[in-house]
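Tertiary structure, described
Each chain, written out:
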Amino acid sequence: MAPKPITSPVPDSWYPTLSVFTLAIGLVLTASFFIYEATSSRKTRSLVQELATGAVASVFLGFGSLFLLIACGVYV
Amino acid sequence: MKRDMMRSNLFPLLFAFAFLFSPVFSASDLILAKVDRRIDLTSQIVRIATSLKVENTGSDVVSEILLSFPENHAKHLAYLKAIVSEGKGKAKTSSGVGLPVKAVQPNDVPPALTIYSVSLPKGLGKEHSLTLDVLAVFTHILQPFPEKINQGDVQLLLFQESAHYLSPYAVKAQSLTLKLPDARIESYSKLENAKLQGSELKYGPYENIPPFSYLPIVIHYENNLPFAVAKELVREIEISHWGNVQITEHYDIIHAGAQSKGEFSRLDYQTRPYLRGASAFRRLVAKLPPRAHSVYYRDEIGNISTSSLWGDSKKTELEIEPRYPMFGGWKTTFTIGYGLPLQDFLFGLDGKRFLNISFGAPIYELVIDTLFVKVVLPEGSKDISVSAPFPVKEWQETKISHLDIVGRPVVVLEKNNVVPEHNEHFQVYYKFNSLSMLREPFMLISGFFFLFIACIVYSHADISISKSSASYLAKLQWDEVQATTQLIHGIISRCLTAHDKLEASLHDLSRTGDVQACKATRKSVDSSLKELSKELKQPLTFLQSCPQAAQILPKVEELVTKERELQEKLVVKHTTVVDGYEKKSSGREIENRIASYQQKITALRREVDDLMDFIDEI
């Protein structure tokens, strides 16, 4: 069996675009999270919704910042 | 003093060899039928290419051939490679793979000689011959003479060799060619058979020379080529499975030629750099692999702007200029770094991954005294092993870098006296689970998630100190009032949706004339409205009982009454229209009948909407 070159999971040139989009989605979700925090009162707030928004936002922000680091040349 | 030392180096050696002629070493039955030596003296690295035609005159099969070097050469030996080429003339084939070479010390050889033994792939039988090509590379063997020169002087070098091939075997015919740089030759040993043709100096041919024959020659010549020596070079190769192999090289370079003495005049150097700074070098060229990107060249102060880069599909060339011209004995330190595409250097084989990359430095004709190659593998790599084409010292470290928890495993390889011939590929094998790649994003995700959790905890936590103070209680009540108001808002908006449903059913009726469906909708809307008005009762009583709500209560009550009114009017309108349809009244008649209601409904609806907006803002 001949050696197979190992490539990155995503082509290098995609990282900047990917980071812009994932970060945009992440920031929109973060904004909605904080809007919800600020507008709902303590009685009417639902913990599940807060956690769900926070989790989805952090997934997008996490991957977005990773792609941003890679696009900047910090290959982690 | 140094000069004396050099002389005293030369001559004891001669005496040592004089007594060697006594047959202390019982040479085997091998003889060297023909020896051709070519010595390349054009750079600071001395390369001696020797072609030996070995014949076995005895009856035993011989499986190893000895190569000998005098002590003053052996201690500078950096690289030794022996290749067997079989056949004769143009049909010669050579495998290109070096034969195993090891240092040996036979009992009957004086310690002033260093012997290397070359193992032949198959024994050399009686009356057989083979051709052995030996390449020996030496560093720091050229002695600058004089040792100290001024800025304007040229650099003169001294090289000592033997005109006869120093060998434990008898040599039938031999010749020696020295390739010198295109410059002045100060002097050379004028032996009988010496001949100077242009920049080539020839000794020989000599015939029937006994073993261990040593005929010293000395060549004194001009050489102004760069004597760039890296005292220490640390090459760090960092693999990222996200698509990059990052190489960082820390150089500590010295001009190892004749020492500069006296003062340095920048003016003289600038006006006539090739005359008043002939021995200095001002630039170095590095040949980087193709597709190298993000190249930088800096030192402790910062970026050094005097560099240029160009490339094609085969290579990338980087020309760097140190901050000052390098004269003899001057030092400089700098760092170059570049990224390489992952797929060119990292491969997968049988579940293992391996890095295949060149060992030495990319700078042309650079001698490295101590080379450290550090291969930084991604976090989570296991079963690490190294395969290098020559012996190296090897150990492991860990390095903490971006987004690491336990640190990345680092394989460190150390080698002394490295020449460009060592730029061969070596391999680092390791095992890596692709899921480990998700560690870094997972760390970032959990970081952000903790931030959100902190916000949630902060907004849920009750952090007031005095739980019984009036203001705290008032705040609690106000929260409750707010929540109740929101609840009422929600109920009313559901009522309004129900109203919309009624309107829609009327619209459908005018379109389809289906009275039954309209009635069914009416029934369901009626029941849901009843339900909603029941729901409204409890929060409304709470608001009425609460002193905090006094301010907003009139508005809420107004909203509730207006909504009731609107509801009644709508119901009446609905009944009227449905009745009209049942009695088969004309469209115009029905419209006339509901016209007055319609006006009021529109007005009420607007008022209710305004009130809703007002309450929403509380």
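Residues numbered from 1 in each chain as written. Chains lettered and ligands numbered in written order. Predicted model: local features only at pLDDT ≥ 70, side-chain atom pairs only at ≥ 80, totals over all residues. Heavy atoms only, no water.

**With respect to the nonpolar core**
All names here are of chain B. Counting 57 residues, the largest nonpolar core has Val 375 and Phe 426 as the members making the most contacts within it. Ranked by residue count, the leading element in this core is strand E17 (residues 228-240), at five residues. Those residues in contact with Val 375 that lie beyond four places of it in its chain are Ile 237, Ile 239, Leu 355, Pro 409, Val 410, Val 411, Phe 426 and Val 428. Formed by 55 residues, the second largest nonpolar core is a distinct cluster that contains Leu 30, Val 46, Val 54 and Phe 69. (Core = buried A, V, L, I, M, F, W, Y, C linked by side-chain atoms within 4.5 Å. Buried < 20%, exposed > 50% of the residue type's maximum accessible area, 1.4 Å probe, protein only. Helix = DSSP H or I, 4+ residues; strand = E, 2+ residues; numbered from the N terminus. Contact = heavy atoms within 4.5 Å.)

**With respect to empty space enclosed by the protein**
Applying the stated criterion to the full structure yields three cavities of 30 Å³ or more. Within this model, the largest cavity holds a volume of roughly 180 Å³. Mapped onto the lining of the largest cavity, the elements with two or more residues apiece are strand E2 (46-56), strand E3 (62-70), strand E8 (129-138) and strand E11 (156-162) of chain B. Element by element, the count of residues in the lining of the largest cavity is highest for E3(B), at four residues. For the lining of the largest cavity, the per-class residue count stands at nine nonpolar, five polar and two charged. If you go around the second largest cavity, the residues you meet are A:Val76, B:Ile239, B:Ser240, B:His241, B:Trp242, B:Pro378, B:Glu379, B:Phe432, B:Ser436, B:Met437, B:Arg439 and B:Glu440. For the lining of the second largest cavity, the secondary structure elements donating two or more residues are E17 and helix H4 (439-460) of chain B. A breakdown of the residues in the lining of the second largest cavity according to their chemical character gives six nonpolar, three polar and three charged. (1 Å grid on protein atoms, 1.4 Å probe; cavity = no way out; pocket = protein on both sides within 12 Å on 5 of 7 lines; lining within 4 Å. Points joined across faces, edges and corners; volume = space filled by probe spheres on them. Nonpolar A, V, L, I, M, F, W, Y, C, P; charged D, E, K, R; others polar.)

**A look at the packing of aromatic side chains**
All names here are of chain B. Enumeration according to the criterion identifies 20 aromatic pairs over all chains in this entry. Their ring planes at 85 degrees and their centres at 5.3 Å tell us that Tyr 297 and Phe 334 sit as a pair that is edge-to-face. Pair noted here: Tyr 297 is in strand E21 (residues 293-298) and Phe 334 is in strand E24 (residues 331-341), with a separation of 37 residues, a long-range link. Owing to a relative accessible area of 3%, Phe 334 belongs among the buried residues under this scheme. (Phe/Tyr/Trp six-rings, centres within 6.5 Å; stacked < 30°, edge-to-face > 60°.)

**Regarding the pattern of salt bridges**
Residues and elements named next belong to chain B. Evaluation of the coordinates by the stated rule reveals 32 salt bridges over all chains. Residues Arg 235 and Glu 249 are paired through a salt bridge, measuring 2.8 Å at the closest nitrogen-oxygen approach. Of this pair, Arg 235 sits in strand E17 while Glu 249 sits in strand E18 (residues 244-255), and the two are 14 residues apart along the sequence. The same class applies to Arg 235 and to Glu 249, which are both buried. A salt bridge links Lys 562 to Glu 558; the shortest N-O distance between them is 3.8 Å. Note that Lys 562 and Glu 558 are positioned in helix H7 (residues 553-582) at a spacing of four residues, about one turn of the helix. On the basis of relative accessible area, Lys 562 is assigned to the buried category, the value being 18%. By relative accessible area, Glu 558 is classed as partly exposed at 31%. (Salt bridge = Lys/Arg side-chain N within 4 Å of Asp/Glu carboxyl O.)

**Remarks on the interface of chain A and chain B**
Of the residues lining the interface, 40 residues belong to chain A; the matching set on chain B comes to 38 residues. At the boundary of chain A with chain B, total buried surface from both sides reaches about 3400 Å², with 71% on carbon and sulfur atoms. Connecting chain A to chain B are zero salt bridges. Taken together, chain A and chain B are joined by seven residue pairs in polar contact (both at pLDDT 80 or more). Only strand E1 (4-5), helix H1 (15-39) and helix H2 (47-71) of chain A provide two or more residues apiece to the side of chain A that touches chain B. Counting residues per element, the side of chain A that touches chain B draws most heavily on H2(A), which supplies 16 residues. Residue classes in the side of chain A that touches chain B are distributed as 23 nonpolar, ten polar and seven charged. With two bridges joining them, E1(A) and strand E25 (residues 346-349) of chain B adopt antiparallel strand pairing. (Buried area = accessible area lost by both parts, 1.4 Å probe. Polar contact = N/O pair within 3.5 Å; in protein donor to acceptor, adjacent residues only side chain to side chain. Pairing = 2+ DSSP bridges.)

**Focus on unusual backbone geometry**
All names here are of chain B. Along the chain, Phe 145 connects to Pro 146 via a cis peptide bond; the corresponding omega equals 5 degrees. With respect to the helices, strands and loops of the structure, Pro 146 is situated in the loop between strand E9 (143-144) and strand E10 (148-149). In this structure, Pro 205 follows Gly 204 across a cis peptide bond, with omega equal to 5 degrees. Relative to the assigned elements, Pro 205 resides in strand E15 (residues 200-209). Positive phi values are uncommon outside glycine, yet Asp 350 reaches one of about 50 degrees. Along the chain, the position of Asp 350 falls in the loop between E25 and strand E26 (352-358).

**Some thoughts on a negative patch on the surface**
Where like charges cluster on the molecular surface, the negative patch consists of B:Asp610, B:Asp613, B:Asp616 and B:Glu617. With respect to the helices, strands and loops of the structure, B:Asp613 is situated in helix H8 (residues 587-616). (Patch = residues over 30% accessible without salt bridge, like charges linked within 9 Å, V, L, I, M, F, W, Y side chains within 5 Å. Areas by Shrake-Rupley, 256 points an atom, 1.4 Å probe, with all protein chains shown as cover. Lys, Arg positive; Asp, Glu negative; His and termini not counted. Charge placed at Lys NZ, Arg CZ, Asp CG, Glu CD.)

**Notes on the pairing of strand E31 (residues 425-431) of chain B**
Residues and elements named next belong to chain B. In the sheet, E26 pairs with E31 via six bridges, with the strands oriented antiparallel. Among the inter-strand pairings, Ser 358 is bridged to a residue of E31, identified as His 425. Inspection of the sheet shows strand E28 (residues 382-387) paired to E31 by four bridges, in the antiparallel sense. What sits directly across from Ser 387, in E31, is Gln 427.

**A word on the layout of surface pockets**
Residues and elements named next belong to chain B. Volume-wise, the second largest pocket comes out at about 470 Å³. Secondary-structure elements contributing two or more residues to the lining of the second largest pocket are strand E4 (77-86) and strand E6 (101-104). At five residues, the largest contribution of residues to the lining of the second largest pocket is made by E4. Counted by class, the lining of the second largest pocket contains eleven nonpolar, two polar and four charged residues.

**Digging into the packing of H2(A) against H4(B)**
Between H2(A) and H4(B), the least distance of the axes is 8 Å, while the angle of their chain directions is 145 degrees. Between H2(A) and H4(B) lies a crossing of right-handed hand. Partitioning the contact of H2(A) with H4(B) into residue classes produces 16 nonpolar, six polar and two charged. (Axes fitted to C-alpha atoms, helices over the stretch in contact; angles between N-to-C directions. Left-handed = near helix turned anticlockwise from the far one by under 90°.)

**Let's talk about H7(B)**
The terminal C-alpha atoms of H7(B) lie 43 Å apart, and with 30 residues this matches the ideal 44 Å at 1.5 Å per residue to within 8%. Trailing H7(B) by a residue or two, B:Lys584 shows a phi angle of about 60 degrees, which is positive. (Expected span 1.5 Å × (residues − 1).)

**Quick word on the UniProt feature "transmembrane region" (unreviewed entry) in chain A**
Residue and element names in this part refer to chain A. Under the UniProt annotation, the feature "transmembrane region" (unreviewed entry) is placed at residues 20-39 and 51-71. Secondary structure content for residues 20-39 is 100% helix and 0% strand, and the end C-alpha separation is 28 Å. The distance separating the terminal C-alpha atoms of residues 51-71 is 30 Å; by composition the span is 100% helix and 0% strand. (UniProt positions renumbered as here; feature names shortened; annotations may be inferred.)

**Quick notes on the domain arrangement of chain B**
Residues and elements named next belong to chain B. Under the domain assignment, chain B is made up of domain 1 (30-85 + 99-222), domain 2 (228-432) and domain 3 (475-617). Once you take the C-alpha centre of each, domain 1 and domain 2 turn out to be 31 Å apart. Contact with domain 1, which involves 23 residues of that partner, is made by 30 residues of domain 2. Among the residues domain 1 hides against domain 2, the three largest losses belong to Gln 44, Tyr 79 and Gln 151. Together they make up 32% of the total. Scanning the region where domain 1 abuts domain 2 turns up two salt bridges. Scanning the region where domain 1 abuts domain 2 turns up 15 residue pairs in polar contact (both at pLDDT 80 or more). A total of three residues in the side of domain 1 that touches domain 2 trace back to one element, the largest contributor, which is E4. Here the side of domain 1 that touches domain 2 is composed, by residue class, of ten nonpolar, nine polar and four charged. (Domains from an automatic or database assignment.)

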